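Each chain is listed here by its residues.
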Amino acid sequence: MNFWWFLLLSIIKIAVVLVILLTAVAYTVLLERKVVGRIQNRWGPSRVGPFGLLQPLADGLKLFLKEDLLPTAVYKPLYILAPVIALACALTSIAVVPFGADIKFKGVDLFQIANVNIGLLVILAVTSVGVYGIALSGWSSNNKYSLLGALRSSAQLVSYELALGLSLVGVVLRAGSLNLRTIVDVQATHGALSWNIFGGFQIVAFFVYLTAAYAETNRTPFDLPEAESELTAGYHTEYSSMKFAMFFMSEYANMITVSCVATLLFLGGWSSPFGHLFPSFGPVIDAILPVFWFVAKVFFFLFVYIWVRGTLPRFRYDQLMGFGWKVLLPVAIANIVVTSLWLGFTRPL
Amino acid sequence: MQSHPYTWNYLPLLIQVVVAAGLGLAIVGLSWLIGRGRASKAKLDAYECGVPVEGDARGRFSVRFYMVAMLFILFDVEAVFMLPWAVIYRHLPVLTGSRMFGFWEMVVYLGFVVVGIFYVWKKGILDWTNDRGDL
C-alpha cells in the first residue's frame, strides 16, 4: 500500500487521539473535583457553565495567564526540560493502546495508533522514562522540598515498578505474547468468564498491578512525593503557570494510561462481558460497541482512583517502601510460579 | 491482513513521541510568552514557606535512596528476563519435549531471585525505620 496514505492516516489518528486524551485529562480533573466533593458532602465546582462543565477551560486559561517564574537558584536547562519530559512520556504511551476491535481502513488500524508486537514492553519502557521528569524537576529546582519530594518519588516509583512488571508476567504467560491485541483476543472467547481477572485466575496479579499502579502515578494512598502537610508540594514546589500544569496533566494522563492497561490486561479490553452470547449486530455497531465497552471500563477504573483518593489516608514512608518490597514483590513472584504451574498442567500448546 | 511491512508500525509511535515532546515544548513556550511577568527578588527565591532562604538543596541525603536505586537495577534486570520466558512458555513443552521443563528452569531462576530478596531483607535495607551503622 501507499506509504504516504499510511503516514497521513497515522498523523490524523495521532491528532484525534491526543485531542481526546487531553480533553479526557481536563474532564478527569473535573470529575475528581466533583466526586471528591460529593464524598465530602459538598457540591464541587458548579458555577462555571452548567454543572461546572466549563471549569477545566477556565482553569486552563487561568494557568496560561499566570506569571511564569524562573527562580534564580534553579538549574535552568533541566528545570525547563523536566515538565516536557514528564508530559511527553505521559502522552506517548497511549500510542500502543488499542481501544476498539481490529478494524482496518485501507489497511490501517482504525482504533490503534501503532500496533506493535511489543506493545506492553513499550508502555513499561515509556512510563519508566517518566521517572526522569520527576527526578530532574526536583533536583534542578534547588529547593529542599522539591529535592525530598523527587527523591521519595523516584525511590517509590522504581520500587513499585518491580512489582508492577512482575504482576504482568502472569498475563503474558496466558497470552504468550506482548502484543496488546493478542492479549485481549485471548480474553474474548467466553465473555467476562474468560477475562484474565476471572478465567485467567489473575485476580491476585490484578490487585498487585492496581496497587503498584497507584504508587506509580503518585496517587493516594501513595502520594508521598507531594505530601502537602510535610513537603508543601513536593517535586513541583518551584513550578508555576503552565509548567506546573504540565506535571498535573501528566499525572492525569498517566492515570488514564494505567486505567487503559488495566482494562486491556485484566478486564478483557474492548470485549463485551457477554459478547459471546450474541452474534454480530452488523458492521457499524460491531465497530462502535467495543469502543463503548473499553471507555466504560476505563471510566470505571478512573472512578475507583477518585473513590480511593476520597477514602484512604496517606501511607507513612517506611510503610510504603516496606509494603512494596516485602508484600507486593513476593506476592507477584508467587503469582508467577502458581500461574506457570497451572498453565503447564492444563494448557500446553 | 496487513498490507504493509511490519516495521512501518513503529513509525506512528515515533511520530507520537515527536508530537508529544513538541506539544510539551509549545506549552512551555506559550506560557512564557503569555504569562505576565512581575518578578521580584523575593518571588525568585527558593520557596521555604515564606522565611528567608537558608542555604541551598545541594546537601547530603539518606543513603537508603541510593540503596533502593541499586536494588532496583539488580531486580529489574532479573524481572526483564521473565518476559521472553513468559512469551514462549506455552511452546516450551513442544520445543523441549518435556512437559514441565520450562517451569522447573524458571523455578531455579526465581529461587536465586528469592534468595537475593531474602538476603536484602535480612540485611535490613528494606527497613526504613531502623538506623544501623553498617548501612
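Every chain's residues receive numbers from 1 upward, in the order its sequence appears when written. Here every chain gets a letter starting at A, and every ligand a number starting at 1, in the order they are written. Local features in this predicted model are restricted to residues of pLDDT 70 or higher, and side-chain atom pairs are both shown and tallied only at a pLDDT of 80 or more, whereas totals for entire chains, interfaces and linings draw on every residue.

(A) Inspection of the overall build of chain A at higher detail. The secondary structure content of chain A amounts to twelve helices and two strands. Each helix and strand of chain A, placed in order from N terminus to C terminus, yields the pattern α-α-α-β-β-α-α-α-α-α-α-α-α-α. Atoms counted for the radius of gyration: C-alpha only. Globule rule: 2.2 Å times residue count to the power 0.38. Relative to the compact-globule value of 20 Å for 349 residues, chain A shows a C-alpha radius of gyration of 21 Å, a close match. By its C-alpha atoms, chain A is 60 × 45 × 45 Å across when sized along the principal axes. Working definition of burial: number of other C-beta atoms within 10 Å of the residue's own, with buried at 20 or more, exposed at 12 or fewer, and partly exposed in between, all C-beta atoms being placed from the backbone. Taking all 349 residues of chain A together, the buried fraction comes to 55%. Numbered from the N terminus, helices here are DSSP runs of H or I no shorter than four residues, and strands are runs of E no shorter than two.

(B) Broad picture of helix α2 (residues 55-65) of chain A. All names here are of chain A. Here α2 has its buried residues at Gln55, Pro56 and Leu63. Down the axis of α2, the smallest arc covering the buried residues is 95 degrees, so these residues share one side. Working definition of a contact: two residues with C-beta atoms, positioned from the backbone, lying within 7 Å. Residues of α2 that are buried sit in contact with α1 (3-39) and α10 (241-266). Each direction from the helix axis to a C-beta atom contributes to the arc, which is the arc of those directions.

(C) Broad picture of the packing of helix α4 (residues 119-141) of chain A against helix α5 (residues 144-167) of chain A. All names here are of chain A. Where α4 meets α5, the closest approach of the two axes is 7 Å, and the angle between their N-to-C directions is 165 degrees. By the angle between their directions, the pair α4 and α5 is classed as roughly antiparallel. As α4 packs across α5, the resulting crossing turns out to be left-handed. Packed against α4, whose contacting residues are Leu124, Ser128, Val131, Ile134, Ala135, Ser137, Gly138, Trp139 and Ser141, the element α5 presents Ser146, Leu147, Gly149, Ala150, Leu151, Ser153, Ser154, Leu157, Val158, Glu161 and Gly165 at the interface. Classifying every residue of the contact of α4 with α5 by side-chain character gives ten nonpolar, nine polar and one charged. Only C-alpha atoms enter the line fits that serve as axes; for helices the fit covers just the stretch in contact. Angles between N-to-C directions range over 0 to 180 degrees. Here roughly perpendicular refers to angles of 65 to 115 degrees, roughly parallel to angles under 35, roughly antiparallel to angles over 145, and oblique to all remaining angles. Here a crossing is taken to be left-handed if its near helix is turned anticlockwise relative to the far helix by less than a right angle, and right-handed if that turn runs clockwise. Charged means Asp, Glu, Lys or Arg here, nonpolar means Ala, Val, Leu, Ile, Met, Phe, Trp, Tyr, Cys or Pro, and polar covers whatever is left, Gly included.

(D) The arrangement of the environment of Val131(A) in detail. Residue and element names in this part refer to chain A. By the secondary structure assignment, Val131 is in helix α4. Taking the C-alpha atoms as reference, Val131 lies 9.2 Å from Ala150; in sequence the two are 19 residues apart. If near-sequence neighbours (up to four positions away) are discounted, Val131 is found in contact with Ser154, Leu157 and Val158.

(E) Looking closely at the domain arrangement of chain A. Residue and element names in this part refer to chain A. Here the bounds of each domain stem from an automatic or database domain assignment. Examined at the domain level, chain A breaks down into domain 1 (18-65) and domain 2 (67-346). Domain 1 and domain 2 are separated by 22 Å when their C-alpha centres are compared. Contacts between the two partners involve 13 residues from domain 1 and, on the opposite side, 14 residues from domain 2. For the side of domain 1 that touches domain 2, the secondary structure elements donating two or more residues are α1 and α2.

(F) Structural context of the confidence of the model for chain A. Per residue, pLDDT captures the predictor's confidence, and it can take any value from 0 to 100. Per-residue confidence for chain A gives a mean pLDDT of 85, with 98% of residues at or over 70. Across chain A, element-level confidence peaks in helix α8 (residues 203-216) of chain A with a mean pLDDT of 90 and bottoms out in helix α9 (residues 228-231) of chain A with 71.

(G) Local environment of the nonpolar core. Residue and element names in this part refer to chain A. Only buried Ala, Val, Leu, Ile, Met, Phe, Trp, Tyr and Cys residues enter a nonpolar core, and they are joined through C-beta atoms within 7 Å. Among the nonpolar cores identified, the biggest contains 130 residues, and Ala163, Val172 and Ile256 are the most heavily contacted of them. The greatest single-element share of this core, amounting to 17 residues, is contributed by α10. Ignoring anything within four residues of it in the chain, the contact list for Ile256 reads Leu21, Ala24, Val25, Thr28, Val298 and Leu302.

(H) Spatial organisation of the packing of helix α3 (residues 76-92) of chain A against α4(A). Residue and element names in this part refer to chain A. Where α3 contacts α4, the two axes come as close as 8 Å, and the packing angle between them is 160 degrees. Relative to α4, the element α3 is oriented roughly antiparallel. Here α3 runs over α4; the crossing is left-handed. Packed against α3, whose contacting residues are Leu78, Tyr79, Leu81, Ala82, Pro83, Ile85, Ala86, Cys89, Ala90 and Thr92, the element α4 presents Val126, Thr127, Val129, Gly130, Tyr132, Gly133, Ile134, Leu136, Ser137, Ser140 and Ser141 at the interface. Counted by class, the contact of α3 with α4 contains 14 nonpolar, seven polar and no charged residues.

(I) Molecular detail of the domain arrangement of chain B. Here the domain parsing of chain B yields domain 1 (1-34) and domain 2 (63-123). A C-alpha centroid distance of 35 Å is found between domain 1 of chain B and domain 2 of chain B.

(J) Layout of the interface of chain A and chain B. Each partner contributes to the interface: chain A provides 75 residues, whereas chain B provides 67 residues. Elements with a contribution of two residues or more to the side of chain A that touches chain B: α1, α2, α3, α4, α5, α6 (169-175), α10 and α12 (317-346) of chain A. The biggest single contributor to the side of chain A that touches chain B is α12(A), with 14 residues. Class assignment for the residues of the side of chain A that touches chain B results in 46 nonpolar, 18 polar and eleven charged.

(K) Up close: the confidence of the model for chain B. In the predicted model, chain B carries a mean pLDDT of 82, and the fraction of residues at 70 or more is 93%. Overall fold confidence (pTM) sits at 0.89, and the ipTM for the predicted complex is 0.86.

(L) Representation of the environment of Ser62(B) in the model. Relative to the elements of secondary structure, Ser62(B) occurs in the loop between α2 (41-44) and α3 (63-88). Given 13 C-beta atoms within 10 Å, Ser62(B) falls into the partly exposed group.

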